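# Reading the structure
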Amino acid sequence: MDRPEHAFPWRRFVAKPLLFGAALIPFGLLVHGAAVGDLGANPLERVTHTTGDWGLRFLLLTLAMTPLRQLTAWSGWLTFRRMLGLFAFFYVSLHFLTWIWLDQELRWANMLADIAKRPFVTVGFVAWLLLLPLALTSTRAMMRRLGRHWKRLHRTVYAVAVLGVLHFLWLVKADLLEPLIYAAVLFVLLLVRWRPGLLKRPPLSTRALDAR
Ligand code: HEM
């Protein structure tokens, strides 16, 4: 299902730039809101929630690329994986920075106390720490340098997503619906990860036999 050699590289020159632009929209809206003073009654909450939500969405989207390839037999999905992962890191880092700078106002002792005291903050912090080496080793050069260890390291992204969902479940006080939706999506993605046979189509010959 890969494109022939002579075809226009639309994935590189069209799909990826479009995805890049689309992924920046939530950030652009936040910057615009801040510039015109329209971030609602609680700007800190708006920025924290928007960046946290998009960090988690991009993490789950990153994990969805391999199942989509299996489901559609189109390997092109994998070309978007790195960009989606880096956008997850981008939004989660903005989220973390918002907490460091606007919420905690750079009071380092307070931050350490908060990380130690509130379990949802601890979990979020560990998730970000685990995401950091993945972002730093996302280049082709690092992929080559780390060889087979690269794949093993990058499997940590599943743990990051689990911690991200746990962080969300832990922090909500009343309405669990939204974090539960993320938890359900993650559950399906993990199930497919550990039972890839669920999505694999039988080879053509077997299917032909079945049809007889
Ligand atoms: C992979 C890492 C992380 C992910 C995926 C993540 C995701 C989220 C999500 C989805 C929310 C809820 C947004 C909403 O209510 O709509 C949230 C809230 C929050 N997160 Fe994170 N987060 C991460 C890391 C962190 C870190 C490192 C910190 C700080 C050390 C942090 C601090 C917070 C705070 C303070 C809130 C708001 C809690 C409240 O409204 O009471 N998060 N995060």
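Figured I'd write up the structure that's included with this text. (Residues numbered from 1 in each chain as written. Predicted model: local features only at pLDDT ≥ 70, side-chain atom pairs only at ≥ 80, totals over all residues.)

Moving on, we get to helix α3 (residues 43-72). Look at α3: 41 Å from first C-alpha to last across 30 residues, which is about the 44 Å you get at 1.5 Å a residue. Largest kink in α3: about 35°, centred on Met 65, with the proline Pro 67 one to four residues after it. Restricting attention to buried positions, one finds in α3 the residues Val 47, Thr 50, Thr 51, Gly 52, Trp 54, Gly 55, Leu 56, Phe 58, Leu 59, Leu 61, Thr 62 and Leu 63. If you follow the buried residues of α3, they end up packed against α2 (25-35), α4 (81-103), α9 (156-171) and α10 (177-194). Where α3 terminates, the next one or two residues include Ala 73, which has phi positive at roughly 60°. (Helix = DSSP H or I, 4+ residues; strand = E, 2+ residues; numbered from the N terminus. Expected span 1.5 Å × (residues − 1). Bend = angle between axes of the 7 residues up to and from the residue. Buried ≥ 20, exposed ≤ 12 C-beta atoms within 10 Å, placed from the backbone. Contact = placed C-beta atoms within 7 Å.)

Okay, the site of the ligand next. Around the ligand sit 22 residues in total, of which His 49, Gly 52, Gly 124, Ala 127 and Gly 164 are the nearest. Mapped by element, the contributors of at least two residues to the shell around the ligand are α3, α4, α6 (119-136) and α9. Taken together, the residues of the shell around the ligand break down into 13 nonpolar, 8 polar and 1 charged. (Near = placed C-beta within 6 Å. Nonpolar A, V, L, I, M, F, W, Y, C, P; charged D, E, K, R; others polar.)

This brings us to the packing of α9 against α10. It is the contact of α9 with α10, at a shortest axis distance of 9 Å, that shows an interaxial angle of 160°. By the angle class used here, α9 and α10 are roughly antiparallel. Note on packing geometry: the crossing formed by α9 with α10 is left-handed. In contact with Tyr 158, Ala 161, Val 162, Val 165, Phe 168 and Leu 169 of α9, α10 contributes Pro 179, Tyr 182, Ala 183, Leu 186, Leu 190 and Arg 193. (Axes fitted to C-alpha atoms, helices over the stretch in contact; angles between N-to-C directions. Parallel < 35°, antiparallel > 145°, perpendicular 65-115°, else oblique. Left-handed = near helix turned anticlockwise from the far one by under 90°.)

In this section: α6. Residues lying three or four places apart along an α-helix face the same way, a consequence of the helix completing one turn every 3.6 residues. Spanning 18 residues, α6 covers 26 Å between terminal C-alpha atoms, matching the ideal 26 Å at 1.5 Å per step. Within α6, burial applies to Val 123, Gly 124, Ala 127, Trp 128, Leu 131 and Leu 134. Along α6, the residues classed as buried sweep out an arc of 135° about the axis, all on the same side. Facing away from the buried side of α6 by over 90 degrees, the exposed positions are Leu 129 and Leu 136. The elements touched by buried residues of α6 are α4, α8 (148-154) and α9. (Arc of directions from axis to C-beta.)

The subject of this paragraph is the environment of Leu 39. Residue position: Leu 39 is located in the loop between α2 and α3. Looking at Leu 39, the number of C-beta atoms within 10 Å reads 18, which means it is partly exposed. Look past the residues within four positions of Leu 39 in its chain and what remains in contact with it is Gly 33, Ala 34, Arg 46 and Val 47.

Let's shift gears to the nonpolar core. By size, the foremost hydrophobic cluster in this structure holds 28 residues, and its most contacted members are Phe 58, Leu 59, Ala 88, Tyr 91, Val 92 and Leu 131. Secondary-structure elements contributing two or more residues to this core are α3, α4, α6 and α9. Top contributing element to this core by residue count: α4, with 9 residues. Non-local contacts of Leu 59, meaning those with residues more than four positions away in its chain, are made with Ala 88, Val 160, Ala 161 and Gly 164. (Core = buried A, V, L, I, M, F, W, Y, C linked by C-beta atoms within 7 Å.)

Below, the discussion takes up the environment of Ala 41. Tracing the sequence through the fold places Ala 41 in the loop between α2 and α3. C-alpha separation for the pair Ala 41 and Asn 110, spaced 69 residues apart in sequence, amounts to 25 Å.

Further remarks concern unusual backbone geometry. For Glu 105, which is not glycine, the phi dihedral falls at a positive 50°. Note on placement: Glu 105 falls in the loop between α4 and α5 (108-117). A residue is classified by how many C-beta atoms lie within 10 Å of it, and Glu 105, with 9 of them, is exposed.

In contact at an axis separation of 8 Å, α3 and α4 are set at 160° when each is read in the N-to-C sense. In this view, α3 runs roughly antiparallel relative to α4, as classed from their interaxial angle. In the crossing of α3 with α4, the sense of the turn from one axis to the other is left-handed. Among the residues making up the contact of α3 with α4, the classes are represented as 15 nonpolar, 8 polar and 2 charged.

Limitation: the analysis is restricted to geometry and does not speak to function.
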